[in-house]
Amino acid sequence: MPLPTGNVIGLMVDNLKKRKTVFPISRRKAIKWAEELDIPEGGETVIYTGSMYQLLPYMVAAVKNMGLIEDSFLGKFVGVGRFFNRMFNVSAFIARPSRTNVKRYRRIICNIAMLLKQAGVEFGYLYKKELYAGALAYDLGVDDAFRIQAQRVYNLLKEHGVRTVITIDPHTTNMLRSVYPTIIDGYDIEVKSYLEVLAASNGLQPLHSVEKEITVHDSCVYSRYESVIEEPRQLLRRAGYTVKEPKDNRDLTHCCGGPIESLFPKMAHQIGGKRVQQLKNAKGQGVATMCPMCMATLKEASDGELEIDDISSYLVKAFCEVEEKPKRNESSENKHIKP
Amino acid sequence: MVTAMAKVNLDFKKKVTTSGEFNATACMDCGVCTAVCPMEIDLLPRKLFRYTLLGLEDKVLEHQQVIYQCLLCKMCEVNCTADVHIAENVRFLRSYISKEIFKL
């Protein structure tokens with residue numbers, strides 16, 4: 001039996017209204033990636049994470065648990081969970097991520113910031129004040145809650161004198177660049193994806209030789225909503241990689257299935273499986289994604305048969321001096337942390 | 001065999017036509033959207049849009065689950081020969097359900 005749509009959406013919307021994010025995550029943990037990077041607070045140009053990469057480990061954990069109850073009698077009790085979630089943070093128990101995933105996604109944001117620095121881009125960060133952009137509420141059609149959140153984000157940017165925002169994921173880019181101007185009068189924030197910023201920069205030159213064939217998985221939102229298609233390819237080539245293309249690519253890319261994961265986890269997994277097959281057939285040595293949701297869904301569907309990583313992880317190996325850290329014991333995959 | 005007659009909900013029809021967000025009148029029912037859908041959803045978007053334009057709220061709500069199964073990936077939209085804003089139409093239906101049914 002499918003999950004009760006109204007209650008699952010309601011639970012996320014309640015979180016957005018009360019806790020300003022769809023999944024519970026402490027602000028302290030959301031900004032941990034920036035430790036030791038010495039990024040100034042605020043400024044006219046800021047990196048805007050929208051907490052998408054930080055939220056993903058929590059979403060992965062929640063989806064796993066939702067998938068377990070999708071066909072069981074427990075699905076009927078989502079409404080009860082929603083009732084108590086308004087008073088206590090019940091969703092925090094549904095979404096307890098693995099340490100490995102938290103560190104993996106944190107590392108990606110860190111890599112993106114390092115790439116921007118390496119390219120000579122000057123930017124600040126809003127740290128604990130930064131807010132989730134509301135993409136999930138928008139996609140699910142919860143317009144009232146979305147409008148409130150969009151206005152909160154805009155007010156925040158204006159209060160801090162921000163004029164240009166550098167986004168790091170396609171969903172936040174789409175919200176801030178294409179959706180907010182349609183609902184906020186006088187919206188005047190310039191929004192660029194970090195991929196666009198890096199591609200336009202002459203300051204980024206390879207420091208290390210990387211010889212590898214990388215298959216590009218275009219995100220639907222970047223390619224069909226925001227026309228970010230050439231930039232990732234250009235950057236991979238500049239880094240020294242050979243770009244491989246899957247059957248469905250560029251503006252005709254195949255969705256990873258991620259957008260329906262919160263409501264239909266099993267179906268999302270099937271769509272991801274179809275895409276993984278196309279990516280395998282491209283016969284690259286690795287797959288580059290540029291959206292945290294794509295990465296999580298495809299990783300899950302590939303079951304370790306493909307090397308799938310965020311594009312920034314490939315780029316940083318060529319463009320930055322990165323310290324190799326010893327790999328953690330695999331058993332840590334199953335250790336969970338509190339949100 | 002007697003089948004129940006489809007019921008037009010004028011209030012629903014009015015909300016659809018006055019919203020300014022739903023527009024599928026250009027749809028020629030060519031079926032390209034169905035052919036390219038990664039979800040292989042037969043209903044979306046052409047049949048569903050017909051129900052909506054006709055004001056058949058019951059028929060639309062009967063397929064509520066399918067409306068949320070859409071990935072909003074726009075594969076159909078970039079291939080649409082009539083330039084229908086399919087994803088925005090689906091989002092409008094979700095918005096209607098969120099407000100009128102789920103009371104969110």
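Everything below is about the structure printed above this text.
First, a word on what this report is: a plain description of the structure on this page. Not measured: the values here are computed from a predicted model.

A short note on the sheet that holds strand β1 (residues 45-48) of chain A
All names here are of chain A.
(1) Moving on: One open sheet holds the 4 strands; their spatial order is β2-β1-β3-β4, and the pairing between them is parallel. Where the open sheet ends on each side, the last strands, each with one partner, are β2 (124-125) and β4 (190-193).
(2) Moving on: As paired strands, β1 and strand β3 (residues 164-167) are joined by 4 bridges and run parallel to one another. Paired with T45 across the bridge in β3 is T164.
(3) Moving on: Its contacts with the sheet place helix α9 (residues 170-183) against β1, β3 and β4, and it is angled at close to 160° to β4.

Here's the deal with the pairing of strand β7 (residues 286-289) of chain A
All names here are of chain A.
(1) Moving on: Burial along β7 is two-sided: G286 and A288 facing one way and V287 and T289 facing the other are all buried.
(2) Moving on: By the bridge criterion, 3 bridges tie strand β5 (residues 213-216) to β7 in an arrangement that is parallel. Looking across to β7, one finds that T215 is bridged to V287.
(3) Moving on: Crossover handedness for the path β7 to helix α14 (residues 292-302) to strand β8 (residues 308-310): right-handed.

Some thoughts on the pattern of salt bridges
All names here are of chain A.
(1) Moving on: Enumeration over the complete set of coordinates arrives at 20 salt bridges over all chains.
(2) Moving on: Two residues, E307 and K212, come together in a salt bridge whose shortest N-O distance is 3.0 Å. One end of the pair, E307, is in the loop between α14 and β8; the other, K212, is in the loop between α10 (194-200) and β5, and 95 residues separate them in sequence.
(3) Moving on: By relative accessible area, which is 23% here, K212 ends up partly exposed.
(4) Moving on: For D248, the salt bridge is made with K247, and the minimal N-O distance between the two is 3.9 Å.

A few points about the side chain of D143 of chain A
(1) Moving on: Within the secondary structure, D143 of chain A sits in helix α8 (residues 143-159).
(2) Moving on: Contacts of D143 of chain A, omitting those with residues within four sequence positions, involve R91 and S95 of chain B.

Regarding the packing of helix α6 (residues 99-118) of chain A against helix α15 (residues 311-319) of chain A
Residue and element names in this part refer to chain A.
(1) Moving on: At a minimum axis distance of 9 Å, the contact between α6 and α15 shows a crossing angle of 40°. The orientation of α6 with respect to α15, classified from their angle, is oblique. Every pair of crossing elements has a handedness; the one defined by α6 and α15 is left-handed. Contacts between α6 and α15 involve I108, N111, I112, M114, L115 and Q118 from the former and S312, S313, L315, V316 and F319 from the latter.
(2) Moving on: Class assignment for the residues of the contact of α6 with α15 results in 7 nonpolar, 4 polar and no charged.

Considerations on the nonpolar core
Residues and elements named next belong to chain A.
(1) Moving on: In terms of nonpolar packing, the biggest core is built from 147 residues, with L116, Y180 and L236 touching the most fellow members.
(2) Moving on: If one sorts the elements of this core by residue count, α6 sits on top with 9 residues.
(3) Moving on: Sequence-distant contacts of L236, that is, excluding residues within four places in its chain, are made with I214, V216, Y241, V243, A288, I311, Y314 and L315.

Notes on the interface of chain A and chain B
(1) Moving on: Taken together, the contact pairs 30 residues of chain A with 23 residues of chain B.
(2) Moving on: Taking both partners together, chain A and chain B bury about 2,300 Å²; carbon and sulfur atoms supply 62% of that area.
(3) Moving on: Among the ionic pairs, D143 of chain A bridges to R91 of chain B, the shortest N-O distance being 3.1 Å.
(4) Moving on: At the boundary of chain A and chain B, one finds 10 residue pairs in polar contact (both at pLDDT 80 or more).
(5) Moving on: Those elements giving two or more residues to the side of chain A that touches chain B turn out to be α1 (5-19), α7 (135-139), α8, α11 (220-225) and α13 (265-281) of chain A.

The rules behind these values
Residues numbered from 1 in each chain as written. Chains lettered and ligands numbered in written order. Predicted model: local features only at pLDDT ≥ 70, side-chain atom pairs only at ≥ 80, totals over all residues. Heavy atoms only, no water. Pairing = 2+ DSSP bridges. Helix = DSSP H or I, 4+ residues; strand = E, 2+ residues; numbered from the N terminus. Contact = heavy atoms within 4.5 Å. Axes fitted to C-alpha atoms, helices over the stretch in contact; angles between N-to-C directions. Buried < 20%, exposed > 50% of the residue type's maximum accessible area, 1.4 Å probe, protein only. Right-handed = clockwise from strand over helix to strand, strands pointing away. Salt bridge = Lys/Arg side-chain N within 4 Å of Asp/Glu carboxyl O. Parallel < 35°, antiparallel > 145°, perpendicular 65-115°, else oblique. Left-handed = near helix turned anticlockwise from the far one by under 90°. Nonpolar A, V, L, I, M, F, W, Y, C, P; charged D, E, K, R; others polar. Core = buried A, V, L, I, M, F, W, Y, C linked by side-chain atoms within 4.5 Å. Buried area = accessible area lost by both parts, 1.4 Å probe. Polar contact = N/O pair within 3.5 Å; in protein donor to acceptor, adjacent residues only side chain to side chain.

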